[in-house]
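Residue strings, one per chain:
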Amino acid sequence: MGRLLDAWYEVPVQRRKRWVLTLAGAALVVAVIWAARAVLLPYILGLALAYFLSPTIKWIERELQALGSHKGLRFLHPAARPLAILFAYILLIALLVGFFSMVVPLVVEQAVALWEEREVIWDYVSGVADDALEQYRLLPPSLQKQMEESLGRFNEFIANAFEQAMKGTAVAISYTVSLVLAFLIIPLWTFFLLKDARELEQSLLKSVPGPLREDVMKVVALVDGVFGSYLRGQLFLALIIGVVSTIGYSLLGVRFSLVLGVMAAVFELIPNIGPVLGGIPAVLVALIQDPVLALWTALFAFGIQQVENMFLTPRVVGHSVKLHPVVVMVVLIMGSEIGGLAGLFLAPVVTAVLRDLFRYVYYRLEDCPLSPAEALRKVWEVDEFDIGG
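Residues numbered from 1 in each chain as written. Predicted model: local features only at pLDDT ≥ 70, side-chain atom pairs only at ≥ 80, totals over all residues. Heavy atoms only, no water.

Student: So what about the environment of Val 321? Which residues, and what values?
Tutor: Residue placement: Val 321 occurs in the loop between α12 (291–316) and α13 (325–364). When the C-alpha positions of Val 321 and Pro 348 are compared, they lie 7.1 Å apart, and in sequence the two are 27 residues distant. Once residues lying within four places of it in the same chain are set aside, the contact partners of Val 321 are Tyr 230, Pro 348, Ala 352 and Arg 355. (Helix = DSSP H or I, 4+ residues; strand = E, 2+ residues; numbered from the N terminus. Contact = heavy atoms within 4.5 Å.)

Student: Give a description of a nonpolar patch on the surface that names residues and reports values.
Tutor: A cluster of nonpolar side chains, Phe 236, Leu 239, Val 243, Ile 247 and Leu 251, forms an exposed patch at the surface whose accessible area comes to about 530 Å². With respect to the helices, strands and loops of the structure, Leu 239 is situated in helix α9 (residues 210–252). (Patch = residues over 30% accessible without salt bridge, like charges linked within 9 Å, V, L, I, M, F, W, Y side chains within 5 Å. Areas by Shrake-Rupley, 256 points an atom, 1.4 Å probe, with all protein chains shown as cover. Salt bridge = Lys/Arg side-chain N within 4 Å of Asp/Glu carboxyl O.)

Student: Provide a residue-level description of the environment of Val 254, including the pertinent values.
Tutor: The topology assignment puts Val 254 in the loop between α9 and α10 (257–268). Looking at Val 254, the relative accessible area reads 4%, which means it is buried. (Buried < 20%, exposed > 50% of the residue type's maximum accessible area, 1.4 Å probe, protein only.)

Student: Talk me through empty space enclosed by the protein; I want residue IDs and the actual numbers.
Tutor: Summed over the entire model, instances satisfying the criterion amount to 1 cavity of 30 Å³ or more. Of the voids in this model, the largest cavity is the one considered here, and its volume is about 100 Å³. In terms of lining, the largest cavity is formed by Ile 241, Ser 245, Tyr 249, Ala 264, Glu 268, Pro 275, Gly 278, Gly 279, Ala 301, Ile 304, Gln 305 and Glu 308. If you list the elements that add at least two residues to the lining of the largest cavity, you get α9, α10, α11 (274–289) and α12. Residue composition of the lining of the largest cavity, by class: 6 nonpolar, 4 polar and 2 charged. (1 Å grid on protein atoms, 1.4 Å probe; cavity = no way out; pocket = protein on both sides within 12 Å on 5 of 7 lines; lining within 4 Å. Points joined across faces, edges and corners; volume = space filled by probe spheres on them. Nonpolar A, V, L, I, M, F, W, Y, C, P; charged D, E, K, R; others polar.)

Student: Residue-level account of the packing of aromatic side chains, with values.
Tutor: Tallied over the entire structure, the rule returns 6 aromatic pairs. A ring pair is formed by Tyr 249 and Phe 300, whose centres lie 5.6 Å apart and whose planes are at 70 degrees; its orientation type is edge-to-face. Note that Tyr 249 is positioned in helix α9 and Phe 300 in helix α12, a separation of 51 residues in sequence. Feature note: the residues Tyr 89, Phe 191 and Phe 192 constitute an aromatic cluster, connected by ring pairs. (Phe/Tyr/Trp six-rings, centres within 6.5 Å; stacked < 30°, edge-to-face > 60°.)

Student: I'd like to hear about the side chain of Thr 246, residue by residue, with values.
Tutor: Residue placement: Thr 246 occurs in helix α9. Look at Thr 246 and you get buried, because its relative accessible area is 16%. Ignoring sequence-local partners within four residues, the contact set of Thr 246 consists of Ser 257, Leu 258, Gly 261 and Val 262.

Next up, the structure:
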């Protein structure tokens, strides 16, 4: 502690004042954001929308600029960015209209039918559970204890996630007026955010002290690389799994296949355990129809999970997270406790970002510090991390 104080007092007074001012300003910004967090959800969604639309908009913009290089179409070049955003909005609206006009009514119809049969499903599941309980009582006491502990941990995990989700819902309802007003201005806010993204980026970068700018740029690139590949990959995987599950359940003859496919897509967003949870409702529905059909449904769900783990996930999500499943299970519980459903979905990628940020800062603070570019390259390319090296 004494050595740290000596090092602090060796720093020039003016520089220390600037550091204190910077930290105080950052703390103030964080405090204001935290105080207004209840009404920031629409803006976060708008920021996420801009983030996901950005690659499409960049591609459309490049194509329009290429067209603008031809004689007679040069007017497209200066207007390429706004036109690209407008085309992306039109495409998004068309997709949403098609989804809500064709898919949603079918999902609602099947969901209502499934809800009306809830008592039949519950009675069947209760009967199966009673039979399983009779078999369970024949097991050795030591094995019974292990199973009870595992089920207890799983139930606690589900209960925590549900409780946090309900807390978040209650907070959101209490700010209904503010949220509605915010949602009304989000499309316009997102448009200007996308249109002036480069100017905004340059403006924010100029507010960073010169010596830190390169580090800030590399840290932003690091966070964007991890978040981008993970979130876009997870959404793409959810879409693939949802479509494949719907088609597969339909071909097998499982009822409510569209609703079950949507559930599989939603559960897919939960890493590791999501695919397993997504297959359980389909197996239960098939079990009521025919035990043999339930077996085929379980094999189909298992096959999808294996294909996803071996081929899809490594290629779609890549190696952005690099977390062991055991670690993922722990951070999922921590994320659900801290942030509810949002924390449940984002816990693995936030953990990966914090890990990579730690490694980057460590490389920059070594006795022979690496340059920002070298530190970023080492974080991305070197898997092993030796804290003593």
